[in-house]
Amino acid sequence: MVTADDVRRVALTLPRTEEALVRDYVKFRVRGIVYASISPDETLMGFGFPKEERAALVASEPEKFLMPVPSDERYNWVRVRMAAIDEAEMRELVVDAWRMVVPKRVAAAYDAT
């Protein structure tokens, strides 16, 4: 099971990331664009994911992934049950979501290190 501290440990190593607490949700963002969010009860993590692909992701593993809440459906967003993933999968989801919000040169510099 992944914890909020595990997510924080990964997210805060990513360039330009800042952490914020918004309505009891822990959010990780770059210049105001949120790429990952942890629910107040720390059971769900929302993360940036292409809208066109999220239905297939949720359908492939419905016990793990959930569609965003209706108010977030217009965004590139999906949710995952934190108890259903391990640290390696969380890292991949967070880093991929971060890549969606940073300039390509920042992601390339991160890959080079």
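It should be noted that the structure appears before, not after, this text.
Residues numbered from 1 in each chain as written. Predicted model: local features only at pLDDT ≥ 70, side-chain atom pairs only at ≥ 80, totals over all residues. Heavy atoms only, no water.

Draft legend 1. Seen up close, the overall build of the protein chain. When helices and strands are counted, the protein chain shows four helices and six strands. Ordered by position in the sequence, the α and β elements of the protein chain form the string α-β-β-β-β-α-β-β-α-α. Compactness check: the protein chain gives a C-alpha radius of gyration of 13 Å against a globular reference of 13 Å for 113 residues, within 12% of the reference. When the backbone C-alpha atoms are referred to their principal axes, the protein chain occupies close to 35 × 30 × 25 Å. Within the protein chain, the fraction of its 113 residues that count as buried is 41%. Within the protein chain, counting contacts between residues at least 6 apart in sequence, those at least 24 apart form 48% of the total. (Helix = DSSP H or I, 4+ residues; strand = E, 2+ residues; numbered from the N terminus. Rg over C-alpha atoms; globule rule 2.2 N^0.38 Å. Buried < 20%, exposed > 50% of the residue type's maximum accessible area, 1.4 Å probe, protein only. Contact = heavy atoms within 4.5 Å.)

Draft legend 2. Structural context of the nonpolar core. Of all hydrophobic cores here, the largest spans 32 residues; its most connected members are Val7, Tyr35, Met45, Phe47 and Val94. With six residues, the single largest contributor to this core is helix α3 (residues 87–99). Apart from the residues within four sequence positions on either side, Met45 is in contact with Val7, Ser37, Val78, Arg79, Val80, Met82, Met90, Leu93 and Val94. (Core = buried A, V, L, I, M, F, W, Y, C linked by side-chain atoms within 4.5 Å.)

By themselves, these are just geometric observations and shouldn't be taken as functional.
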